[in-house]
Amino acid sequence: MRIDVITIFPGMFDAVLGESIIKLARQKRVVDINIIDLRLFSKDRHRKVDDKPFGGGPGMVMSAEPFFEAVNYIRRRTKDMRLKTRVMLLTPRGSTFNHDMAAKFAAYEHIVLLCGHYEGIDERVRGLVDEEVSIGDFVLTGGELPAMAVIDAVIRLLPGALGNEDSRKDESFSHGTLEYPHYTRPAEYMGKKVPEVLLSGDHEKIKKWRKKESSKVTKKRRPDLIK
Ligand code: ADE
């Protein structure tokens, strides 16, 4: 899979994309990620990518042209690869990101993530965009952290990204429920014991217990997940 990110803060991505599972997935060529500086596509002498809002009001609005130029550049660069490209805008106005969307995005060959800033983006940028994505009902200072959250959630679903493919099987949301509790050694810590069944070695019983705990925690914390 190929992921391109268009941002005015390319440096923000260095740490997140250069550590842990994402770093390994890139090394294993499971994913090819390119961070692109929007300012390179500004025609302004000072590399300005924003301007005052028509109609007045506070703050600045990101201009349409650099986004169109940047996406066209990416399309030209990837033309010979004949990838199916989906362009996503990170915005609090988008559909709320969840596990099913992560799985859907993981099946795409190429995604381009546009990170917005300031008061917003010129509405005409939406003409470039296939999907608008929000990571929740709160407003961040820009689309970079949401883009990183989307990239992380998508990459870990790509075949070959995780060391152990089984680790995805029972995790929260994979069956539409939250995950069961985990324990490791010691079997007793500060007077708190690990549930007996987990020490029993009876795999059938353990499976049943985990299923029951998973339903219990989901009912209690996320009743909305239970159809
Ligand atoms: N940009 C600012 N806030 C955001 C959010 N909650 N989701 C996606 N993009 C954003």
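Relevant structure appears above.
Sequence order sets the numbering: in each chain, residues are counted from 1 along the sequence as written. Reporting of local features is limited, given that this is a predicted model, to residues whose pLDDT is at least 70; pairs of side-chain atoms are given and counted only at 80 or more, and all residues count toward the totals for whole chains, interfaces and linings. Side-chain numbers come from the whole structure's heavy atoms, not from hydrogens or water.

Trainee: Go over the sheet that holds strand β3 (residues 50-51) with me, naming the residues and quoting the values.
Mentor: Spatial ordering of the open sheet is given by β3-β4-β7, a layout of three strands whose pairing is mixed. Lying at the two open borders of the sheet, with one neighbouring strand each, are β3 and β7 (120-121). In this description, strands pair whenever DSSP reports at least two bridges between them. Secondary structure elements are taken from DSSP: a helix is a run of H or I of four residues or more, a strand is a run of E of two residues or more, and numbering for both begins at the N terminus. Pairing between strand β4 (residues 61-62) and β7: two bridges, direction parallel. Each residue of the ladder has a partner; that of V61, found in β7, is G120.

Trainee: Explain the sheet that holds strand β8 (residues 131-134) to me, using residue names and the numbers behind them.
Mentor: Read across the open sheet, the five strands follow the order β2-β1-β6-β5-β8; overall the sheet is parallel. Both edges of this open sheet fall to β2 (32-37) and β8, since each of them pairs with a single strand only. Sheet twist, expressed as the mean angle between neighbouring strand axes with direction ignored, is 30 degrees. As defined by bridge partners, strand β5 (residues 85-96) adjoins β8 across five bridges and the pair is classed as parallel. Bridge pairing in β8 links M88 to E131. Strand contacts of helix α4 (residues 99-106): β5 and β8, with the helix running at about 140 degrees to β8, the strand carrying the most contacts. To get an axis, a line is fitted to the C-alpha atoms, and for a helix only the part in contact is used. The angle between two axes follows their N-to-C directions and goes from 0 to 180 degrees. It only takes one pair of heavy atoms within 4.5 Å for two residues to be counted as in contact.

Trainee: Talk me through the packing of aromatic side chains; I want residue IDs and the actual numbers.
Mentor: We call Phe, Tyr and Trp rings a pair once their centres come within 6.5 Å, taking the six-membered ring for Trp, and we label the pair stacked below 30 degrees between planes, edge-to-face above 60, and tilted otherwise. With the rule as written, the count across this model stands at three aromatic pairs. Between F105 and Y108 the ring centres are 5.8 Å apart and the planes differ by 25 degrees, which places this aromatic pair in the stacked class. Given the relative accessible area of 18%, Y108 is considered buried. Through pairs of rings, three or more aromatic residues link up here, namely F97, F105 and Y108. Only protein chains enter the accessibility calculation, which uses a 1.4 Å probe. A residue is then buried if its area is under 20% of the maximum for its type, exposed if over 50%, and partly exposed in between.

Purely geometric numbers; function is a separate question.
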